[in-house]
Amino acid sequence: MDPVYCFFNPLEQMINKAFINGLCEALTTESNKGEEVLDFVFLQLKIMPDYLRTGIVIATIFAQLIAVLRFFKPFQKINLEKRKRILKKIQSNNIFLLGDLLKFYSSLILLRSLETYPDNEKN
Amino acid sequence: MKKTEIIVIGSGPGGSLSATLLAEAGFDVTLIEKGKYLRLSDVASFSSEEMNKKYANGGITLAFGKTKINYVEGACVGGGSEVNSGLYHRLPESILTQWEKENALSFDQKLIEEYYQNIEKEISISLLPGEPSKTSLKLKDGAKKLNWNCAEIPRWYKYNEDSSKGVKQSMTETYIPRFLDAGGTLLTETEVKKIKKETVDGVILECIEKEQRVYDIKADYIFLCAGAIHSPFLLLKSGYKHNVGKSLKMHPSFKFSALFDEKINNENAEVSTYQVKEFSPEISFGCSISTPSYISLILNDTNNMKYLSQWEKMAIYYMMIMPEGMGTISKIPFFSSPFIRYKLTPKDYQNIQEGYKKLATLLFEAGAKKLFPSVKKNIVIENLKDLEKIDSLDKSLLNLMTIHLFSSLKMGGIKKNSAVDPNGKLWKSNRIFACDGSVLCDAPSVNPQGTIMMMTTYVINKFIADHK
């Protein structure tokens, strides 16, 4: 296992499960896309190129930092509109490609959500 | 230490064909594949599960540059042939002539014709027996109104006599069973970490199995068939540098999700088999996989998810260019994945711009009401004038992607300009050959599997003639 992954792995475990739930809600109209979507995103995180994975972990931390500093709560605990605003801000600034990486992240969730719960979005 | 006569690394079209021809010629061949052995029916085509199980890095792979380009590669037994649409082209003659001229190569035309015919028979190249999909018909209608050349492209498909449903003749359906029948050894979920040592009597590779067991394996000859990214990357990790990974080419493509008045799409829609070649080789058009989830990705990028409920009236169309620019593959310290850079030239951007304008013209002629471009901005195109919104965008906001990668170990007759010689052998080695998309001299301007298989047959038959 590469050293970078070993370093970021504990952070991934701590942050991402809750964060992905929050991101799912901010991205789609449904409140929770369930364990299957979460598991899929984790599987993808494990196999994506290591430098992109590191970037995604940094993007996660960045979103959490904004949430905690501005709203005194973790990203997943603040209300939907504020979460959407944070995502929009990160994506529009695209510092260190974080916007692109979050887009990747959200695309993964969207792809799996639509396949798992097709009727929620299509109709 | 395990020993074998020949190791083939990678089991895509180049690797499976190489391994089969060599095993059938009587060599002791071991085929090593990093991915899993999954049959076509094990995973739904074009699903997120397929991305996860059959694509390199789960399909999340990116070439960096002013405009980032998403690229995808197959990473399972059968490689790209398991995940692509199965569209087949021969290399255009004009392109082959250009390759010969620019790279001091000379191919025997009679042999090439013979190889193509064999390949086409073995993977059942055929046209769709029934009616084309409605998405194909839209492309055809638009091209007809503009008097542009649009044709059906054959696929490697075996159709039942009484229906248009068929089975894709991917490597797991064709060459892999033949390879195993010929006595070849297939090692799956095994990664070659590096080429450890090249000695006077062979090459030693360091491999790692899925249980993380590391072992060495020795062979007389190595055939690199891990694709245009991983073949050169393995060489770079092993200290081979001469023209390795410096001339990567691809076919960047730009997409529109087009909304029509009537239903043209459904859950079981067939792959579109028509392509517009009026502006080929520089620019080509076709229809992409248009599942609701793929459509949603474009709509999500342009913040137009509200249109997803109309997905049955939508399909994704692409325009693809033959680029002038090229890319590099490199290893970055502390990271184990290859890092890809790709530089598009002003002419490439001009072709992209011209390409999306022409594609939009065709789609509006075909009856499209709205076009959603693959850009990172909320843009809807309702008429040709609206295309200025894309023209004025910063280039970093274009979403380009490709599934065609090649030329990172370019073949040539002049050592200074190429990585492998006309026999497919690495200039800097006596025992390492390459047989995949990486040896192509340039972008072929068409779906590359036919060209890869022809070049592979060429290299392997020369090797067999010289070594048996």
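What comes next is a walk through the structure. Predicted model, so just to flag it, every value in this text is computed and none were measured.

## Some details on the overall build of chain B
- Helix and strand counts for chain B come out as twelve helices and 23 strands.
- By the compact-globule yardstick of 23 Å for 468 residues, chain B fits well, its C-alpha radius of gyration being 22 Å.
- Per-residue burial for chain B yields a buried fraction of 61% across its 468 residues.
- Contacts in chain B between residues far apart in sequence, at least 24 positions, make up 73% of those at least 6 positions apart.
- Approximately 18,200 Å² of chain B is accessible, and the part contributed by carbon and sulfur atoms is 48%.
- Positive and negative charge centroids in chain B, built from 60 and 54 side chains respectively, lie 6 Å apart.

## Some thoughts on the overall build of chain A
- Scanning chain A from N- to C-terminus turns up six helices and zero strands.
- From first element to last, N terminus to C terminus, chain A shows the α and β order α-α-α-α-α-α.
- Put simply, chain A has 123 residues, and 52% of those count as buried.
- The long-range share in chain A, meaning contacts at least 24 apart out of those at least 6 apart in sequence, stands at 63%.
- Summing over all exposed atoms, chain A offers an accessible surface of approximately 5,800 Å²; the carbon and sulfur share of this is 60%.

## Considerations on the interface of chain B and chain A
- Listed as interface residues are 35 residues of chain B and, on the opposing side, 27 residues of chain A.
- Summing both sides of the interface, chain B and chain A together bury roughly 2,800 Å²; the carbon and sulfur share of this comes to 63%.
- Where chain B touches chain A, the interface holds zero salt bridges.
- Counting every contact that joins chain B to chain A gives seven residue pairs in polar contact (both at pLDDT 80 or more).
- Those elements that place two or more of their residues in the side of chain B that touches chain A are helix 2 (48-54), strand 3 (61-64), helix 9 (292-301) and strand 19 (338-343) of chain B.
- It is helix 9 of chain B that contributes the most residues to the side of chain B that touches chain A, seven residues altogether.
- When the residues that make up the side of chain B that touches chain A are grouped by side-chain class, the tally is 17 nonpolar, 13 polar and five charged.

## Some words on the packing of helix 3 (residues 50-71) of chain A against helix 4 (residues 80-93) of chain A
Residues and elements named next belong to chain A.
- One can describe the packing of helix 3 onto helix 4 by two numbers: an axis separation of 10 Å at closest approach and a directional angle of 130°. Between helix 3 and helix 4, the angle is such that the two are oblique. In this structure, helix 3 crosses over helix 4, and the sense of that crossing is right-handed. Counting all contacts with helix 3, which are made through F62, A63, I66, A67, R70 and F71, the residues of helix 4 involved are K82, R85, I86, K89 and I90.
- When its residues are assigned to classes, the contact of helix 3 with helix 4 shows seven nonpolar, no polar and four charged.

## Description of the nonpolar core
- Judged by nonpolar contacts, the single largest core of 126 residues is most densely connected at B:L22, B:L205, B:F223, B:F256, B:Y317 and B:L363.
- Counting 41 residues, the second largest nonpolar core, distinct from the first, contains A:I66, A:L108, B:F64 and B:F335.

## Here we look at the packing of aromatic side chains
- Within this structure, the stated rule accounts for 20 aromatic pairs over all chains.
- When the centroid spacing of 6.2 Å and the interplanar angle of 55° are considered together, the rings of A:Y51 and B:F64 count as tilted. Here B:F64 lies in strand 3 and A:Y51 lies in helix 3, a pairing that spans two chains.
- Judged by its relative accessible area of 12%, A:Y51 falls in the buried class.
- Judged by its relative accessible area of 12%, B:F64 is buried.

## Focus: the pattern of salt bridges
Residue and element names in this part refer to chain B.
- In total, this model carries 20 salt bridges over all chains according to the counting rule given.
- Two residues, K249 and D442, come together in a salt bridge whose shortest N-O distance is 3.5 Å. Taken together, the residues span a long stretch of sequence, with K249 in strand 13 (residues 249-250) and D442 in the loop between strand 23 (432-434) and helix 12 (449-467) at a distance of 193 residues.
- Relative accessible area serves as the criterion here: at 6%, K249 is assigned to the buried category.

## A few points about helix 5 (residues 109-122) of chain B
Residue and element names in this part refer to chain B.
- Under the 1.5 Å per step criterion, the end-to-end length of helix 5 is 20 Å for 14 residues, consistent within 8% with the ideal 20 Å.
- Among all positions in helix 5, only I112, Y115, Y116, I119 and E120 are buried. Down the axis, helix 5 shows its buried residues gathered within 130° of arc, on one side only. Turned more than 90 degrees away from the buried face of helix 5 sit K110 and K121, all of them exposed.
- Those residues of helix 5 that are buried are in contact with helix 4 (93-102), strand 5 (125-126), helix 7 (175-181) and helix 12.
- Its side-chain oxygen at 3.0 Å from the backbone nitrogen of K110, D108 defines the N-terminal cap of helix 5.
- Looking one or two places after helix 5, you find S124, whose phi comes out positive at around 50°.

Cut-offs applied
- Residues numbered from 1 in each chain as written.
- Chains lettered and ligands numbered in written order.
- Predicted model: local features only at pLDDT ≥ 70, side-chain atom pairs only at ≥ 80, totals over all residues.
- Heavy atoms only, no water.
- Helix = DSSP H or I, 4+ residues; strand = E, 2+ residues; numbered from the N terminus.
- Rg over C-alpha atoms; globule rule 2.2 N^0.38 Å.
- Buried < 20%, exposed > 50% of the residue type's maximum accessible area, 1.4 Å probe, protein only.
- Contact = heavy atoms within 4.5 Å.
- Areas by Shrake-Rupley, 256 points an atom, 1.4 Å probe, with all protein chains shown as cover.
- Lys, Arg positive; Asp, Glu negative; His and termini not counted.
- Charge placed at Lys NZ, Arg CZ, Asp CG, Glu CD.
- Buried area = accessible area lost by both parts, 1.4 Å probe.
- Salt bridge = Lys/Arg side-chain N within 4 Å of Asp/Glu carboxyl O.
- Polar contact = N/O pair within 3.5 Å; in protein donor to acceptor, adjacent residues only side chain to side chain.
- Nonpolar A, V, L, I, M, F, W, Y, C, P; charged D, E, K, R; others polar.
- Axes fitted to C-alpha atoms, helices over the stretch in contact; angles between N-to-C directions.
- Parallel < 35°, antiparallel > 145°, perpendicular 65-115°, else oblique.
- Left-handed = near helix turned anticlockwise from the far one by under 90°.
- Core = buried A, V, L, I, M, F, W, Y, C linked by side-chain atoms within 4.5 Å.
- Phe/Tyr/Trp six-rings, centres within 6.5 Å; stacked < 30°, edge-to-face > 60°.
- Expected span 1.5 Å × (residues − 1).
- Arc of directions from axis to C-beta.

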